[in-house]
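Residues per chain are reported as follows:
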Amino acid sequence: MTDIWSVDEHLDDILRAVRPLDHLELQLFDAQGCVLAEDVSVPVAMPPFDNSSMDGYAVRTADVEGSSEEFPAALTVVGDIAAGSGSLPAVGPGEAARIMTGAPLPPGAEAVVPVEWTDGGTGGGPAESMTAHSTAPGGTEVRVHRPAVAGAHIRTRGSDIPAGTVALTAGTLLGAPQIGLLAAVGRATVLVRPRPRVVVVSTGSELAEPGTKLGPGQIYDSNGYTLTAAAREAGAVAFRVSAVADDAATLRAILEDQLIRADLLITSGGVSVGAYDVVKEALSDIDDLPGGVEFRRLAMQPGKPQGFGLIGPDRIPLLALPGNPVSSYVSFEMFARPALRAMAGHAELHRPRVRARLVADTPLTSPPGKRQFLRGSHRNGTVRPVGGASSHLIAALAQADSLIVVPEEVTEVEPGTELEVVLLHHAR
Ligand code: AMP
Ligand code: MG
(Lines give C-alpha, C1' and ligand atoms only; values in the text may rest on other atoms or scores of the structure.)
(Ligands and ions follow the chains in the order given, each with its own letter.)
Protein backbone atom coordinates (compact mmCIF):
# COMPACT_ATOMS: atom_id res chain seq x y z
CA MET A 1 0.00 0.00 0.00
CA THR A 2 1.38 3.38 -0.92
CA ASP A 3 0.15 5.16 2.20
CA ILE A 4 2.30 3.04 4.48
CA TRP A 5 5.54 4.80 5.34
CA SER A 6 8.73 3.00 6.31
CA VAL A 7 10.52 3.95 9.51
CA ASP A 8 13.33 5.49 7.47
CA GLU A 9 11.01 7.52 5.23
CA HIS A 10 9.24 9.02 8.22
CA LEU A 11 12.54 9.79 9.93
CA ASP A 12 14.01 11.36 6.78
CA ASP A 13 10.92 13.51 6.41
CA ILE A 14 11.36 14.79 9.97
CA LEU A 15 15.10 15.36 9.66
CA ARG A 16 14.61 17.27 6.40
CA ALA A 17 12.27 19.64 8.20
CA VAL A 18 14.24 20.40 11.36
CA ARG A 19 17.21 22.78 11.49
CA PRO A 20 19.96 23.41 14.03
CA LEU A 21 18.77 26.16 16.37
CA ASP A 22 20.26 29.63 16.00
CA HIS A 23 23.42 30.00 18.02
CA LEU A 24 23.45 31.86 21.29
CA GLU A 25 26.16 33.38 23.52
CA LEU A 26 25.91 31.57 26.87
CA GLN A 27 27.75 31.57 30.19
CA LEU A 28 30.03 28.54 30.50
CA PHE A 29 27.82 26.47 32.81
CA ASP A 30 24.77 27.20 30.68
CA ALA A 31 26.75 26.01 27.68
CA GLN A 32 27.65 22.68 29.31
CA GLY A 33 26.25 19.80 27.26
CA CYS A 34 25.74 22.08 24.23
CA VAL A 35 27.47 21.95 20.86
CA LEU A 36 30.01 24.68 20.17
CA ALA A 37 29.01 27.03 17.33
CA GLU A 38 32.36 28.83 16.90
CA ASP A 39 36.03 27.95 16.57
CA VAL A 40 37.62 29.02 19.84
CA SER A 41 41.15 30.30 19.40
CA VAL A 42 43.57 31.04 22.19
CA PRO A 43 44.21 34.76 22.72
CA VAL A 44 47.34 34.25 24.84
CA ALA A 45 49.76 31.34 24.95
CA MET A 46 49.09 28.64 27.53
CA PRO A 47 50.80 28.59 29.87
CA PRO A 48 51.27 32.35 29.48
CA PHE A 49 54.80 32.30 30.97
CA ASP A 50 57.58 29.78 31.66
CA ASN A 51 56.86 28.29 35.08
CA SER A 52 58.02 25.60 37.43
CA SER A 53 56.43 22.14 37.37
CA MET A 54 57.87 21.30 40.81
CA ASP A 55 58.50 22.79 44.21
CA GLY A 56 62.23 23.33 44.19
CA TYR A 57 64.98 25.78 43.30
CA ALA A 58 65.43 27.77 40.12
CA VAL A 59 69.09 27.53 39.15
CA ARG A 60 71.65 28.15 36.42
CA THR A 61 72.70 24.81 34.94
CA ALA A 62 76.45 25.62 35.05
CA ASP A 63 76.19 26.06 38.83
CA VAL A 64 74.91 22.54 39.46
CA GLU A 65 76.97 20.77 36.82
CA GLY A 66 78.74 17.73 38.30
CA SER A 67 77.02 18.06 41.68
CA SER A 68 76.41 14.89 43.71
CA GLU A 69 75.47 13.74 47.22
CA GLU A 70 79.13 13.72 48.06
CA PHE A 71 79.96 17.03 46.37
CA PRO A 72 76.79 19.15 46.40
CA ALA A 73 76.69 22.56 44.77
CA ALA A 74 76.19 25.27 47.41
CA LEU A 75 74.10 28.16 46.12
CA THR A 76 72.94 31.39 47.75
CA VAL A 77 69.16 31.60 47.92
CA VAL A 78 68.20 35.06 46.65
CA GLY A 79 64.43 34.90 46.91
CA ASP A 80 61.24 32.97 47.28
CA ILE A 81 58.79 32.76 44.36
CA ALA A 82 55.24 31.66 45.03
CA ALA A 83 52.63 30.94 42.34
CA GLY A 84 51.15 34.29 41.41
CA SER A 85 54.34 36.24 42.21
CA GLY A 86 54.66 39.41 40.19
CA SER A 87 58.18 40.53 41.09
CA LEU A 88 60.94 38.05 40.43
CA PRO A 89 64.51 38.05 41.81
CA ALA A 90 67.17 37.67 39.13
CA VAL A 91 69.26 34.53 39.59
CA GLY A 92 72.94 35.28 39.04
CA PRO A 93 75.93 32.92 39.01
CA GLY A 94 76.15 30.95 42.26
CA GLU A 95 72.56 31.83 43.14
CA ALA A 96 69.21 30.04 43.32
CA ALA A 97 65.61 31.11 44.02
CA ARG A 98 63.21 28.93 45.91
CA ILE A 99 60.23 28.34 43.58
CA MET A 100 56.79 26.75 43.93
CA THR A 101 54.83 24.76 41.35
CA GLY A 102 53.19 27.13 38.86
CA ALA A 103 55.38 30.11 39.84
CA PRO A 104 57.05 32.09 37.04
CA LEU A 105 60.66 31.23 36.25
CA PRO A 106 62.89 34.12 37.38
CA PRO A 107 65.31 35.81 34.96
CA GLY A 108 68.69 34.10 34.78
CA ALA A 109 67.40 30.66 35.82
CA GLU A 110 67.62 27.83 33.28
CA ALA A 111 66.26 24.86 35.20
CA VAL A 112 64.42 23.91 38.34
CA VAL A 113 65.83 21.31 40.69
CA PRO A 114 63.12 19.60 42.74
CA VAL A 115 63.40 20.11 46.48
CA GLU A 116 64.06 16.36 46.79
CA TRP A 117 67.38 16.87 45.02
CA THR A 118 68.50 19.39 47.63
CA ASP A 119 68.97 19.72 51.32
CA GLY A 120 65.81 21.85 51.35
CA GLY A 121 67.78 25.01 52.05
CA THR A 122 68.77 24.04 55.56
CA GLY A 123 72.42 24.45 54.78
CA GLY A 124 73.44 20.82 54.99
CA GLY A 125 70.67 19.06 56.92
CA PRO A 126 68.27 16.49 55.43
CA ALA A 127 65.82 17.54 52.71
CA GLU A 128 62.57 18.96 54.03
CA SER A 129 59.24 19.60 52.45
CA MET A 130 58.87 23.11 51.06
CA THR A 131 55.99 23.95 53.36
CA ALA A 132 57.87 22.99 56.49
CA HIS A 133 60.72 25.20 55.43
CA SER A 134 61.29 28.70 56.78
CA THR A 135 59.84 31.40 54.52
CA ALA A 136 62.79 33.71 54.72
CA PRO A 137 65.49 32.08 52.66
CA GLY A 138 67.14 35.32 51.59
CA GLY A 139 70.83 34.99 52.21
CA THR A 140 70.58 31.32 53.21
CA GLU A 141 72.19 28.54 51.30
CA VAL A 142 70.86 25.52 49.49
CA ARG A 143 72.88 22.44 48.62
CA VAL A 144 71.96 20.73 45.38
CA HIS A 145 72.84 17.04 44.99
CA ARG A 146 72.14 16.49 41.32
CA PRO A 147 72.81 18.36 38.07
CA ALA A 148 69.92 19.60 35.93
CA VAL A 149 69.75 20.11 32.17
CA ALA A 150 68.42 23.36 30.74
CA GLY A 151 64.62 23.36 30.78
CA ALA A 152 64.32 20.67 33.44
CA HIS A 153 61.04 20.93 35.38
CA ILE A 154 60.02 24.00 33.44
CA ARG A 155 56.67 24.24 31.67
CA THR A 156 57.48 26.58 28.83
CA ARG A 157 55.22 29.35 27.62
CA GLY A 158 52.82 28.02 24.97
CA SER A 159 53.73 24.35 25.61
CA ASP A 160 50.03 23.56 26.20
CA ILE A 161 48.71 25.67 23.30
CA PRO A 162 50.50 28.46 21.44
CA ALA A 163 48.71 31.82 21.10
CA GLY A 164 46.40 32.05 18.11
CA THR A 165 45.80 28.30 17.86
CA VAL A 166 42.25 26.97 17.57
CA ALA A 167 41.71 25.09 20.84
CA LEU A 168 38.15 23.86 20.17
CA THR A 169 36.42 23.64 16.83
CA ALA A 170 32.77 24.35 16.08
CA GLY A 171 30.73 21.18 16.52
CA THR A 172 32.54 20.06 19.69
CA LEU A 173 30.31 18.86 22.50
CA LEU A 174 31.08 20.86 25.63
CA GLY A 175 31.74 18.44 28.48
CA ALA A 176 33.63 19.21 31.65
CA PRO A 177 37.19 19.32 30.18
CA GLN A 178 36.03 21.55 27.32
CA ILE A 179 34.28 23.94 29.74
CA GLY A 180 37.51 23.97 31.75
CA LEU A 181 39.58 24.74 28.64
CA LEU A 182 37.29 27.66 27.78
CA ALA A 183 37.82 29.03 31.29
CA ALA A 184 41.58 28.40 31.02
CA VAL A 185 41.81 30.56 27.90
CA GLY A 186 39.85 33.29 29.66
CA ARG A 187 36.42 32.89 28.11
CA ALA A 188 33.40 33.71 30.29
CA THR A 189 30.85 33.13 27.55
CA VAL A 190 30.78 31.04 24.40
CA LEU A 191 28.71 30.70 21.24
CA VAL A 192 26.71 27.45 21.20
CA ARG A 193 23.60 25.83 19.81
CA PRO A 194 21.18 26.11 22.72
CA ARG A 195 19.32 23.16 24.17
CA PRO A 196 16.06 22.67 22.26
CA ARG A 197 12.93 23.49 24.27
CA VAL A 198 10.38 20.71 24.14
CA VAL A 199 6.76 20.77 25.29
CA VAL A 200 5.16 17.39 25.95
CA VAL A 201 1.37 17.13 25.90
CA SER A 202 -0.40 13.88 26.80
CA THR A 203 -3.94 13.44 25.62
CA GLY A 204 -6.66 11.17 27.02
CA SER A 205 -9.75 11.68 29.17
CA GLU A 206 -8.70 8.59 31.13
CA LEU A 207 -5.47 10.18 32.35
CA ALA A 208 -4.99 11.18 35.98
CA GLU A 209 -2.14 13.02 37.62
CA PRO A 210 0.30 10.86 39.61
CA GLY A 211 -0.19 11.59 43.31
CA THR A 212 -3.97 11.83 43.02
CA LYS A 213 -6.50 9.04 43.57
CA LEU A 214 -7.59 7.11 40.48
CA GLY A 215 -11.26 7.31 39.57
CA PRO A 216 -13.11 4.53 37.75
CA GLY A 217 -11.62 3.85 34.33
CA GLN A 218 -8.65 6.12 34.95
CA ILE A 219 -4.92 5.45 34.62
CA TYR A 220 -2.03 7.72 35.48
CA ASP A 221 -0.39 9.79 32.78
CA SER A 222 2.92 8.01 32.40
CA ASN A 223 3.75 9.10 28.86
CA GLY A 224 3.98 12.71 29.92
CA TYR A 225 6.71 11.72 32.34
CA THR A 226 8.51 9.22 30.10
CA LEU A 227 8.67 11.60 27.16
CA THR A 228 9.63 14.66 29.20
CA ALA A 229 12.35 12.67 30.95
CA ALA A 230 13.53 11.23 27.63
CA ALA A 231 13.70 14.72 26.13
CA ARG A 232 15.77 15.88 29.10
CA GLU A 233 18.07 12.88 28.69
CA ALA A 234 18.44 13.88 25.05
CA GLY A 235 19.74 17.27 26.19
CA ALA A 236 16.54 19.27 25.76
CA VAL A 237 14.89 21.66 28.17
CA ALA A 238 11.57 19.88 28.48
CA PHE A 239 8.23 21.02 29.86
CA ARG A 240 5.39 18.64 30.66
CA VAL A 241 1.86 19.95 30.33
CA SER A 242 -0.82 18.25 32.47
CA ALA A 243 -2.73 15.68 30.45
CA VAL A 244 -5.42 17.14 28.22
CA ALA A 245 -8.89 15.53 27.96
CA ASP A 246 -10.08 14.26 24.59
CA ASP A 247 -11.51 17.55 23.40
CA ALA A 248 -10.16 18.96 20.16
CA ALA A 249 -10.87 22.62 20.92
CA THR A 250 -9.17 22.43 24.32
CA LEU A 251 -6.17 20.63 22.89
CA ARG A 252 -5.84 23.12 20.06
CA ALA A 253 -5.96 26.04 22.50
CA ILE A 254 -3.27 24.43 24.64
CA LEU A 255 -1.01 23.71 21.68
CA GLU A 256 -1.41 27.31 20.49
CA ASP A 257 -0.46 28.55 23.96
CA GLN A 258 2.58 26.29 24.11
CA LEU A 259 3.97 27.28 20.71
CA ILE A 260 5.63 30.31 22.26
CA ARG A 261 8.01 28.28 24.40
CA ALA A 262 8.63 25.29 22.16
CA ASP A 263 11.24 24.42 19.56
CA LEU A 264 9.51 21.04 19.29
CA LEU A 265 6.03 19.93 20.37
CA ILE A 266 5.36 16.31 21.25
CA THR A 267 1.88 14.93 21.81
CA SER A 268 0.97 11.40 22.83
CA GLY A 269 -2.23 9.52 22.18
CA GLY A 270 -5.19 10.30 19.97
CA VAL A 271 -3.61 9.44 16.62
CA SER A 272 -5.15 6.11 15.68
CA VAL A 273 -8.57 5.51 14.17
CA GLY A 274 -10.75 5.37 17.30
CA ALA A 275 -13.72 7.60 18.03
CA TYR A 276 -11.73 9.95 20.31
CA ASP A 277 -8.62 10.53 18.30
CA VAL A 278 -8.31 14.03 19.54
CA VAL A 279 -4.89 14.95 18.17
CA LYS A 280 -5.94 14.00 14.68
CA GLU A 281 -9.16 15.94 15.06
CA ALA A 282 -7.47 19.00 16.56
CA LEU A 283 -4.72 19.19 13.96
CA SER A 284 -6.38 17.96 10.78
CA ASP A 285 -8.36 21.12 10.29
CA ILE A 286 -6.20 24.01 11.37
CA ASP A 287 -7.24 27.04 9.36
CA ASP A 288 -6.62 29.25 12.39
CA LEU A 289 -3.29 27.54 13.08
CA PRO A 290 -0.99 27.86 10.06
CA GLY A 291 1.05 24.87 8.98
CA GLY A 292 -0.12 21.33 8.78
CA VAL A 293 0.28 17.97 10.42
CA GLU A 294 0.14 14.81 8.38
CA PHE A 295 -1.03 11.57 9.97
CA ARG A 296 0.50 8.36 8.68
CA ARG A 297 0.69 4.68 9.22
CA LEU A 298 4.18 3.27 9.55
CA ALA A 299 5.53 -0.19 8.79
CA MET A 300 6.63 -0.41 12.41
CA GLN A 301 5.67 -2.23 15.58
CA PRO A 302 5.07 -0.72 18.03
CA GLY A 303 4.38 2.77 16.74
CA LYS A 304 2.22 2.35 13.68
CA PRO A 305 0.20 5.59 13.84
CA GLN A 306 2.33 8.75 13.72
CA GLY A 307 1.78 12.39 12.93
CA PHE A 308 4.30 15.00 11.88
CA GLY A 309 4.08 18.57 10.72
CA LEU A 310 5.06 22.18 11.27
CA ILE A 311 2.56 24.39 13.04
CA GLY A 312 2.00 28.01 14.02
CA PRO A 313 3.41 31.17 12.48
CA ASP A 314 6.96 30.00 13.25
CA ARG A 315 6.34 26.54 11.85
CA ILE A 316 7.28 24.70 15.01
CA PRO A 317 7.78 20.97 14.38
CA LEU A 318 5.17 18.77 16.04
CA LEU A 319 5.49 15.03 16.51
CA ALA A 320 2.21 13.29 17.32
CA LEU A 321 3.19 9.98 18.92
CA PRO A 322 0.87 7.05 19.59
CA GLY A 323 -0.61 6.67 23.08
CA ASN A 324 0.48 3.23 24.15
CA PRO A 325 3.38 3.77 26.53
CA VAL A 326 5.89 1.51 24.79
CA SER A 327 4.83 2.85 21.38
CA SER A 328 5.32 6.44 22.43
CA TYR A 329 8.72 5.75 23.97
CA VAL A 330 10.00 3.75 20.99
CA SER A 331 8.67 6.49 18.71
CA PHE A 332 10.52 9.08 20.75
CA GLU A 333 13.73 7.09 20.43
CA MET A 334 13.35 6.58 16.71
CA PHE A 335 12.09 10.03 15.66
CA ALA A 336 12.06 12.68 18.38
CA ARG A 337 15.53 12.06 19.74
CA PRO A 338 17.32 12.33 16.38
CA ALA A 339 15.29 15.48 15.66
CA LEU A 340 16.33 17.03 18.98
CA ARG A 341 19.95 16.14 18.38
CA ALA A 342 19.81 17.71 14.92
CA MET A 343 18.36 20.89 16.45
CA ALA A 344 21.11 20.91 19.06
CA GLY A 345 23.73 20.72 16.30
CA HIS A 346 25.09 17.23 16.92
CA ALA A 347 26.73 15.48 13.98
CA GLU A 348 25.77 12.03 15.24
CA LEU A 349 22.02 11.81 15.67
CA HIS A 350 21.49 8.17 16.57
CA ARG A 351 22.11 5.85 19.48
CA PRO A 352 24.87 3.32 18.92
CA ARG A 353 23.75 0.06 17.36
CA VAL A 354 25.55 -3.27 17.75
CA ARG A 355 25.03 -6.82 16.53
CA ALA A 356 24.11 -9.29 19.27
CA ARG A 357 23.18 -12.96 19.40
CA LEU A 358 19.61 -13.69 20.44
CA VAL A 359 19.24 -15.63 23.66
CA ALA A 360 15.69 -16.92 24.05
CA ASP A 361 13.86 -20.15 24.95
CA THR A 362 11.71 -20.07 21.82
CA PRO A 363 12.00 -18.41 18.39
CA LEU A 364 10.80 -14.80 18.14
CA THR A 365 7.93 -14.09 15.82
CA SER A 366 7.44 -10.78 14.08
CA PRO A 367 4.69 -9.49 11.77
CA PRO A 368 5.58 -9.50 8.05
CA GLY A 369 6.33 -6.13 6.49
CA LYS A 370 6.95 -4.35 9.78
CA ARG A 371 10.13 -3.36 11.52
CA GLN A 372 9.70 -4.63 15.03
CA PHE A 373 11.38 -3.12 18.07
CA LEU A 374 11.42 -5.51 21.01
CA ARG A 375 12.67 -4.53 24.42
CA GLY A 376 15.93 -6.29 25.27
CA SER A 377 18.61 -6.82 27.82
CA HIS A 378 22.05 -6.65 26.20
CA ARG A 379 25.12 -8.27 27.67
CA ASN A 380 28.48 -9.47 26.32
CA GLY A 381 27.37 -9.70 22.72
CA THR A 382 24.04 -11.32 23.48
CA VAL A 383 20.55 -9.93 23.82
CA ARG A 384 17.56 -11.39 25.62
CA PRO A 385 14.00 -10.16 25.11
CA VAL A 386 12.45 -8.50 28.16
CA GLY A 387 8.67 -8.91 28.37
CA GLY A 388 6.48 -9.52 25.35
CA ALA A 389 5.75 -7.52 22.24
CA SER A 390 2.62 -5.78 23.64
CA SER A 391 2.90 -2.04 23.78
CA HIS A 392 1.33 -1.54 27.20
CA LEU A 393 4.16 -3.29 29.07
CA ILE A 394 5.65 -0.37 30.97
CA ALA A 395 7.22 -2.54 33.66
CA ALA A 396 9.19 -4.59 31.11
CA LEU A 397 10.27 -1.39 29.34
CA ALA A 398 11.73 -0.18 32.62
CA GLN A 399 13.85 -3.37 32.84
CA ALA A 400 15.19 -3.10 29.29
CA ASP A 401 18.43 -1.44 28.23
CA SER A 402 18.10 -1.90 24.50
CA LEU A 403 15.76 -2.37 21.56
CA ILE A 404 16.05 -5.51 19.45
CA VAL A 405 15.40 -4.70 15.80
CA VAL A 406 13.64 -7.38 13.76
CA PRO A 407 13.74 -6.31 10.08
CA GLU A 408 10.59 -5.94 7.98
CA GLU A 409 11.06 -9.13 5.96
CA VAL A 410 11.86 -11.36 8.94
CA THR A 411 8.93 -13.18 10.56
CA GLU A 412 10.76 -15.66 12.75
CA VAL A 413 14.10 -15.48 14.52
CA GLU A 414 15.79 -18.59 15.93
CA PRO A 415 17.72 -18.31 19.18
CA GLY A 416 21.41 -17.83 18.39
CA THR A 417 20.68 -15.56 15.40
CA GLU A 418 22.53 -12.25 15.26
CA LEU A 419 20.28 -9.20 15.33
CA GLU A 420 20.76 -5.46 15.41
CA VAL A 421 20.36 -3.93 18.86
CA VAL A 422 19.92 -0.26 19.75
CA LEU A 423 21.72 0.57 22.98
CA LEU A 424 19.43 2.86 24.96
CA HIS A 425 21.79 3.68 27.80
CA HIS A 426 24.49 5.15 25.64
CA ALA A 427 24.16 8.89 25.55
CA ARG A 428 25.39 9.51 22.03
P1 AMP B 1 -4.70 6.30 22.30
O2 AMP B 1 -3.65 6.28 21.26
O3 AMP B 1 -5.00 7.67 22.81
O4 AMP B 1 -5.92 5.55 21.91
O5 AMP B 1 -4.07 5.49 23.53
C6 AMP B 1 -3.69 4.17 23.38
C7 AMP B 1 -3.49 3.51 24.73
O8 AMP B 1 -2.48 4.18 25.44
C9 AMP B 1 -4.70 3.58 25.63
O10 AMP B 1 -4.75 2.38 26.37
C11 AMP B 1 -4.43 4.75 26.53
O12 AMP B 1 -5.09 4.69 27.76
C13 AMP B 1 -2.94 4.64 26.68
N14 AMP B 1 -2.37 5.95 26.95
C15 AMP B 1 -2.57 7.03 26.17
N16 AMP B 1 -1.93 8.09 26.68
C17 AMP B 1 -1.31 7.65 27.80
C18 AMP B 1 -0.48 8.30 28.76
N19 AMP B 1 -0.19 9.58 28.65
N20 AMP B 1 -0.02 7.56 29.79
C21 AMP B 1 -0.32 6.25 29.87
N22 AMP B 1 -1.08 5.60 29.00
C23 AMP B 1 -1.59 6.29 27.97
MG1 MG C 1 -6.39 8.48 23.85
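In this text, all values refer to a predicted model and were calculated from it rather than measured experimentally. (Residues numbered from 1 in each chain as written. Chains lettered and ligands numbered in written order. Predicted model: local features only at pLDDT ≥ 70, side-chain atom pairs only at ≥ 80, totals over all residues. Heavy atoms only, no water.)

**As for the overall build of the chain**
Then step 1. What the chain contains, in helices and strands, is 9 helices and 29 strands.
Then step 2. Taking 2.2 N^0.38 as the reference for a compact globule, 428 residues should give roughly 22 Å; the C-alpha atoms of the chain span a radius of gyration of 32 Å, well beyond that estimate.
Then step 3. A principal-axis box enclosing the C-alpha atoms of the chain has dimensions of 95 × 55 × 45 Å.
Then step 4. Within the span of the chain, comprising 428 residues, buried residues form 46% of the whole. (Helix = DSSP H or I, 4+ residues; strand = E, 2+ residues; numbered from the N terminus. Rg over C-alpha atoms; globule rule 2.2 N^0.38 Å. Buried < 20%, exposed > 50% of the residue type's maximum accessible area, 1.4 Å probe, protein only.)

**Some thoughts on the sheet that holds strand E22 (residues 316–321)**
Hydrogen bonds along the backbone pair up the strands of a sheet, which may run parallel or antiparallel.
Then step 1. One open sheet holds the 7 strands; their spatial order is E1-E19-E21-E22-E18-E14-E17, and the pairing between them is mixed. Bordering the open sheet on either side are strand E1 (4–5) and strand E17 (237–244), each of which pairs with just one other strand.
Then step 2. Pairing of strand E14 (residues 197–203) with strand E18 (residues 264–268), which is carried by 5 bridges, proceeds in the parallel orientation. Pairing of Ser-202 across the sheet is with Ser-268, part of E18.
Then step 3. Lying on the sheet, helix H1 (residues 7–17) is in contact with E1, strand E19 (291–298), strand E21 (305–311) and E22; it crosses E21 at an angle near 15°.
Then step 4. The sheet strands contacting helix H8 (residues 325–343) are E14, E18, E19, E21 and E22, and the helix crosses E22 at an angle near 165°. (Pairing = 2+ DSSP bridges. Contact = heavy atoms within 4.5 Å. Axes fitted to C-alpha atoms, helices over the stretch in contact; angles between N-to-C directions.)

**A word on the confidence of the model for the chain**
Then step 1. Taken residue by residue, the chain gives an average pLDDT of 93. The fraction at 70 or more is 94%.
Then step 2. Confidence over residues 124–138 falls short of pLDDT 50; this stretch has 32 contacts with residues more than four positions distant or in other chains. (pLDDT = per-residue confidence, 0-100.)

**What to know about the side chain of Arg-252**
Then step 1. The residue Arg-252 is located in helix H6 (residues 248–258) in this model.
Then step 2. By relative accessible area, Arg-252 is classed as buried at 16%.
Then step 3. One polar contact links the side chain of Arg-252 to the main-chain carbonyl oxygen of Ala-282, over a distance of 3.1 Å. (Polar contact = N/O pair within 3.5 Å; in protein donor to acceptor, adjacent residues only side chain to side chain.)

**Some remarks on the site of ligand 1**
Then step 1. Lining the immediate environment of ligand 1, one finds 15 residues, of which Glu-206, Asp-221, Ser-222, Gly-270 and Gly-323 sit closest.
Then step 2. The side chain of Glu-206 places a nitrogen or oxygen atom 2.5 Å from an oxygen atom of ligand 1.
Then step 3. One of the backbone nitrogen or oxygen atoms of Ser-222 is found 3.1 Å away from a nitrogen atom of ligand 1.
Then step 4. Within the complex, 76% of the 480 Å² of free accessible area of ligand 1 lies under protein.
Then step 5. Judged by its atoms lying within 2 Å of the grid points, ligand 1 is housed in the second largest pocket.
Then step 6. Every element with two or more residues in the shell around ligand 1 is listed here: E14 and strand E16 (219–220). (Near = heavy atom within 4 Å. Areas by Shrake-Rupley, 256 points an atom, 1.4 Å probe, with all protein chains shown as cover. 1 Å grid on protein atoms, 1.4 Å probe; cavity = no way out; pocket = protein on both sides within 12 Å on 5 of 7 lines; lining within 4 Å. Sits in = over half its atoms within 2 Å of the grid points.)

**Here we look at the domain arrangement of the chain**
Then step 1. Each assigned domain of the chain is listed with its residue range as follows: domain 1 (4–21 + 195–344), domain 2 (24–46 + 164–193), domain 3 (51–155) and domain 4 (353–423).
Then step 2. Placing a centre on the C-alpha atoms of domain 3 and another on those of domain 4 gives a separation of 66 Å. (Domains from an automatic or database assignment.)

**Comments concerning empty space enclosed by the protein**
Then step 1. Summed over the entire model, instances satisfying the criterion amount to 1 cavity of 30 Å³ or more.
Then step 2. Together, Ala-230, Glu-233, Ala-234, Tyr-329, Phe-332, Glu-333, Arg-337 and Arg-351 line the largest cavity.
Then step 3. Among the secondary structure elements, those contributing two or more residues to the lining of the largest cavity are helix H5 (223–233) and H8.
Then step 4. Of the residues forming the lining of the largest cavity, the biggest block, 4 residues, is contributed by H8.
Then step 5. Among the residues forming the lining of the largest cavity, the class breakdown is 4 nonpolar, no polar and 4 charged. (Points joined across faces, edges and corners; volume = space filled by probe spheres on them. Nonpolar A, V, L, I, M, F, W, Y, C, P; charged D, E, K, R; others polar.)

**Looking at the side chain of Glu-38**
Then step 1. In this fold, Glu-38 is placed in the loop between strand E3 (35–36) and strand E4 (40–41).
Then step 2. For Glu-38, a relative accessible area of 18% puts it in the buried group.
Then step 3. Only 2.6 Å separates the side chain of Glu-38 from the side chain of Arg-187, close enough to count as a polar contact.
Then step 4. At 3.0 Å, the side chain of Glu-38 forms a polar contact with the backbone nitrogen of Leu-191.
Then step 5. In this structure Glu-38 touches Leu-168, Thr-169, Ala-170, Arg-187, Val-190 and Leu-191, once residues within four positions along its chain are discounted.

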